[in-house]
Amino acid sequence: MKPYKMVGLLEEEYNKIVEILGREPNETELAMYGVMWSEHCSYKNSRALLKLFNTKGLRVLQGPGENAGIVDIGDGFAIAMKIESHNHPSAVEPYQGAATGVGGILRDIFTMGARPIANLNSIRFGELKDEKTKKLLRGIVRGIGDYGNCVGIPTISGETVFNKCYNDNPLVNAMSVGILEKKDIKKGTARGVGNSVMLVGHTTGRDGIGGASFASCDLTRESEENRSAVQVGDPFMEKLLMEACLELIKTDCVVGIQDLGAAGLTSASCETASRGGSGIEIDVARVITREKGMTPREIMISESQERMLVIVEKGKEDKVFEIFNKWGLHAVVIGRVTDDGMLRVLENGKVVAEVPASSLADGSPVNYRSYRRPKYMDKLSNMDIANLPCPENLSETLITMLKSPNIASKEWVYSQYDYMVGTDTVVVPGGDAGVLRIKGTKKGIALTVDCNSRYCYLNPYEGAKSSVCEAARNITASGGRPIAITDCLNFASPEDEGVYYQFRNSILGINEASRILDTPVISGNVSFYNQSEKMAIYPTPTIGMVGIVENIENSMDIHFKDKGDSIILVGETKAEIGGSEYLSAIYGIEAGRVPEVHVEIEKNTNEGVLSAIEKGLIKSAHDISDGGFIVALSECCFKNELGVNVNIDTELREDIFLFSESQGRYILTASKDNIKDIIEIFTKLGVQAEVVGEVIDSDFKVNINGRNVINLNIKEMKSAWKGSLPCIMNQ
Amino acid sequence: MKAGVVVFPGSNCDSDVYSVLKELGADVKYIWHGEDKIDVDLLVLPGGFSYGDYLRCGAIARFSKILEGIYDYVENGGYVIGICNGFQILTELKLLPGALLKNMDLKFICSDCILEVSNDNTFFSRLYKKGERVNFPIAHGEGNYYADDETLKELERNNQIVFRYVNNPNGSRNDIAGIINKKGNVLGMMPHPERRASSLLGGTDGIRLFKGMIESFK
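Counting restarts for each chain: residues are numbered from 1 in the order of the written sequence. Throughout, the order in which chains and ligands are written sets their labels, letters from A for the former and numbers from 1 for the latter. In view of the model being predicted, local features appear only for residues whose pLDDT reaches at least 70, and side-chain atom pairs are presented and counted only at 80 or more, with totals across whole chains, interfaces and linings using the full set of residues. As a convention, hydrogens and water are excluded, and side-chain values are obtained from all of the structure's heavy atoms.

1. Observations concerning the UniProt feature "binding site: Mg(2+) 1" (unreviewed entry) in chain A
All names here are of chain A.
Part 1 of the reasoning: UniProt positions are given in the numbering used here, feature names are shortened, and annotations may be inferred rather than shown by experiment. Using the residue numbers shown here, the UniProt feature "binding site: Mg(2+) 1" (unreviewed entry) corresponds to E84 and N525. The named residues occupy 442 residues along the chain; their greatest pairwise C-alpha distance, 5.4 Å, places them in one compact cluster.
Part 2 of the reasoning: Only DSSP runs of H or I with at least four residues qualify as helices, and only runs of E with at least two residues qualify as strands; both kinds are numbered from the N terminus onward. Considering the arrangement of structural elements, one finds E84 in strand β3 (residues 77-85).
Part 3 of the reasoning: By definition in these notes, contact holds between two residues if any of their heavy atoms fall within 4.5 Å. Dropping the residues within four chain positions of it, E84 is found in contact with I105, D108, V172, N173, A174, C488 and N525.
Part 4 of the reasoning: Under the rule applied, a polar contact is a pair of N or O atoms within 3.5 Å (in protein, one hydrogen donor and one hydrogen acceptor; residues adjacent in sequence only if both atoms are side-chain atoms). A polar contact of 3.2 Å, which involves the side chain of E84, links it to the side chain of K82.

2. Some thoughts on the packing of helix α7 (residues 94-110) of chain A against helix α8 (residues 131-151) of chain A
Residue and element names in this part refer to chain A.
Part 1 of the reasoning: All axes are obtained by fitting lines to C-alpha atoms, using only the stretch in contact for helices, and the reported angles, taken between N-to-C directions, cover 0 to 180 degrees. Orientation of α7 relative to α8, taken along the N-to-C sense of each, is 35°, at an axis distance of 7 Å. Between α7 and α8 lies a crossing of right-handed hand. Together, P94, Y95, A98, A99, V102, G103, L106 and R107 of α7 and L136, G139, I140, R142, G143, I144, D146, Y147, G148 and V151 of α8 make up the contact between the two elements.
Part 2 of the reasoning: In this classification, Asp, Glu, Lys and Arg are treated as charged, Ala, Val, Leu, Ile, Met, Phe, Trp, Tyr, Cys and Pro as nonpolar, and every other residue, Gly included, as polar. Broken down by class, the residue content of the contact of α7 with α8 amounts to eleven nonpolar, four polar and three charged. In this scheme the crossing of two helices becomes right-handed for a clockwise turn of the near helix relative to the far one and left-handed for an anticlockwise turn of less than a right angle.

3. Some words on unusual backbone geometry
Part 1 of the reasoning: Backbone geometry places A:E641, a non-glycine residue, at a positive phi of 50°.
Part 2 of the reasoning: As for its position among the elements, A:E641 is in the loop between α23 (628-638) and β22 (643-648).
Part 3 of the reasoning: Only protein chains enter the area calculation, which uses a 1.4 Å probe; residues under 20% of their type maximum are buried, those over 50% are exposed, and those in between are partly exposed. What makes A:E641 partly exposed here is its relative accessible area of 30%.
Part 4 of the reasoning: Here the phi dihedral of B:C84 falls at roughly 60°; this positive angle occurs in a residue that is not glycine.
Part 5 of the reasoning: Residue class for B:C84 comes out buried when judged on its relative accessible area of 5%.

4. Some remarks on helix α26 (residues 714-729) of chain A
Residue and element names in this part refer to chain A.
Part 1 of the reasoning: Multiplying one less than the number of residues by 1.5 Å gives the expected span of a helix. Here α26 contains 16 residues, and its C-alpha end-to-end distance of 24 Å stays within 8% of the 22 Å for a straight helix at 1.5 Å per residue.
Part 2 of the reasoning: Maximal helix bending in α26 amounts to about 45°, located at G723; proline P726 follows within four positions.
Part 3 of the reasoning: Listed in full, the buried residues belonging to α26 are I714, M717, K718, A720, W721, S724, L725, I728 and M729.
Part 4 of the reasoning: For α26, the capping residue at the N-terminal end is N713, with a side-chain oxygen 2.8 Å from the backbone nitrogen of K715. Two axes are fitted around each residue, one to the seven residues ending there and one to the seven starting there, and the angle between them is reported as the bend at that residue.

5. Section: the interface of chain A and chain B
Part 1 of the reasoning: Each partner contributes residues to the interface: chain A has 27 residues there, and chain B has 26 residues.
Part 2 of the reasoning: A 1.4 Å probe defines the accessible area here, and the buried area is the portion of it lost by two parts on being joined, summed over both. Across the interface of chain A and chain B, roughly 2,200 Å² is buried in total on both sides, 64% from carbon and sulfur atoms.
Part 3 of the reasoning: It is A:F236, A:M420 and A:T423 that lose the most area in chain A upon contact with chain B, and together they represent 26% of the buried surface on that side.
Part 4 of the reasoning: Any carboxyl oxygen of Asp or Glu within 4 Å of a side-chain nitrogen of Lys or Arg constitutes a salt bridge here. With its nearest N and O atoms 2.9 Å apart, the salt bridge here joins B:R195 to A:D418.
Part 5 of the reasoning: Inspection of the region where chain A meets chain B yields nine residue pairs in polar contact (both at pLDDT 80 or more).
Part 6 of the reasoning: Elements supplying a minimum of two residues to the side of chain A that touches chain B: α8, α10 (235-249) and β14 (425-427) of chain A.
Part 7 of the reasoning: Among the elements that make up the side of chain A that touches chain B, the one with the highest residue count is α10(A) (four residues).
Part 8 of the reasoning: When the residues that make up the side of chain A that touches chain B are grouped by side-chain class, the tally is 13 nonpolar, seven polar and seven charged.

6. Let's talk about the domain arrangement of chain A
Part 1 of the reasoning: Segmenting chain A into domains produces domain 1 (1-37 + 187-364) and domain 2 (558-731).
Part 2 of the reasoning: Each of domain 1 of chain A and domain 2 of chain A has a C-alpha centre, and these two points are 51 Å apart. Here the bounds of each domain stem from an automatic or database domain assignment.

7. Structural notes on the environment of A:A433
Residues and elements named next belong to chain A.
Part 1 of the reasoning: With respect to the helices, strands and loops of the structure, A433 is situated in the loop between β14 and β15 (434-437).
Part 2 of the reasoning: Using a relative accessible area of 2% as the deciding quantity, one classes A433 as buried.
Part 3 of the reasoning: Sequence spacing of A433 and S506 is 73 residues, and the spatial spacing of their C-alpha atoms is 23 Å.
Part 4 of the reasoning: Setting aside chain neighbours within four positions, we find A433 in contact with S157, V427, A446, L447, T448, N474, I475 and S478.

This is the structure:
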């Protein structure tokens, strides 16, 4: 095999390297290009389209291109956030793969000078009846939990989704959010000739070598043998590194700081140099290694975790030694900043690699891929679903839905995460968004992560739009105003024209919603090649979103509170069961036209809900999504074990009304005295809102056009919903 | 009252308990694990993962410099409260009997948790009523309290069990959630009272524990 193929490069890419260098690269240089020009690091197949994103806004202090995006939340504070995939490592080594996913995203946050205050995750698996899926679920959840719990960052929200398209390719998208004072923003920039380049934190070993390249191709049977490309996490080390870095950032000696993630020392050094328009010279002999005999190539591309590169003002190195010594961590000067734009790697003073830093960081070829609408789309969206029979016993159907893994309580998952450490979690997992208070202010932030990949499969544009809108509804229902997005775009191979069509249209869909809702995309990540020999994943553009809760006392949860309260349905219910959870769980069908999304209407509806919350008119708010009105209604009842008496008048078929996933809808409760004011708010905005029933003791009764269609007891429903996942996992 | 919250490498509930004590008006400070003098009335060993808990939980922290003087401090009547990882450290120090094993179902559990106050006649629990039910959350992987039959009998006989689980979440023997030493000045408990000190965060059941201690010194 040609040497360039061994590092995952194409012949034309190799030729471009030769052209840049004016000579053939040596082994170390070639390895460095191999990892930096991999899809994972270079975004060569996505860069051209990512430029389309709406990334600007009054609150944006840092957009895409840095380790994390930053938005202003007022009072002198800012929020840093980012989401990133760790799909391939988690597929072959679930525990470590997921754990290091959390570690990596945490470092992206504290490298910006922010203290991480919350983690979220979106994890996706194949069918839960599979033993392999159960093993992945156990390992991934334990990996996420062990890492975040040990570092002491609460995992406050997330989603766990099951679909056969993830049978071979589970997805692990880890998101982290941090807080900082605006004046403390740090960047990954190397400037100032003669300033010291320091490597701090963990030692460097042979783990994770070539991880970036490993993540940039399809998962095959051979991938299992690549387990050594998966890094090993040490959350205790991360905790110390985080405290030491945050202490260091408060001093005046840091010029720039960057974590060592994919492509290790190579990416950290060339990216900091490239951003600063400078060069960097490092001597690998100074790097503290875990094992003897590591070559310059291995040291440069090792992905050992819990390490940071710090550019320190010359003469102030002792301050760094002092702080890292206190925390019992290594800190070594490995080189210096130069002005020649080169990344020069020495070994004991002898040059072993020398390439233009910017050519590594930003020089990869940009691929403008061709795309074509895949044939399956027309076939599936035109499938006739209107003539499916209506189930005879809708009470039974509802119980089946509540037990289905996508709807069932995810307590089995989130109870393995410490979601309260830090004593700021105001709204805990199990509802719409997680809400944190911001100590020292009256404010809070609401956080969520969402994607409906089934919609995206059937219609990437509308699906991506509705994922953004669902995230915004989750934030709104919790009392927050959505302000920014971080996205994790998980797709199959970009070399497939159909996949590239999905990718392109998802981006366009996100873009439309993000512009109208004024929620710019401030950071993100692309993960391609999520496919195996047998199947490809559905397009999964995961949307992480942050919102501001102006007065934390107004934060809202989904739970019904008091008997006698009125139940209000906001938004219009249409015959939209295409792509629904109902069709999938009950009929095993994933087809039809996905629900339409009218972002302007969503925006108005959100304004109405927020206004009702801020005026203190309502007691609970829940967005309607997977499973439709009836599932959302059930979820509102469980915590306080209250029931409902609901009467619906509709022209829709009973099951279609109950399980339709029409967008832009909420369920609110309020005491009877406030109903008039609430309805008035929505009427003024031109949004449909009506009282459909009231909260009662423990019976769950729903009548449609005067006929009783559901009659259940809330305890029975709760036990079906709550017991489902533990029951499946303990089988 | 002067209180000190020990910061071990890997402590992560240190600032949570510090904030609650501070809000309640205590004179509180952090004590770095490398210091050698305990000059406070109440020493808090907070939750977290000291030294990563890579060995048995608390097994390394017990050797830290600040804890060298803890036996004398306790002997002389100094008060100690160990929460979660702090409880584990106290059993490793043998200041409290027994050990904390892995949870019965081997998983980490984060959840609200109803406790019953079994002894309200202690320095720590005096603002609660015996038999009262309180909600302090738990968040641990190794909180399954174990002691041999003889020790359990003694704990019961001496009224050393302060808190019991109402629905035992982790397999603890005799539903034990928190115990004191014989002398009554060292409390270890797995649940987190500092996480229930604000109505915004789901309740204020935990406040009385800290208030009780602070007021004892007034």
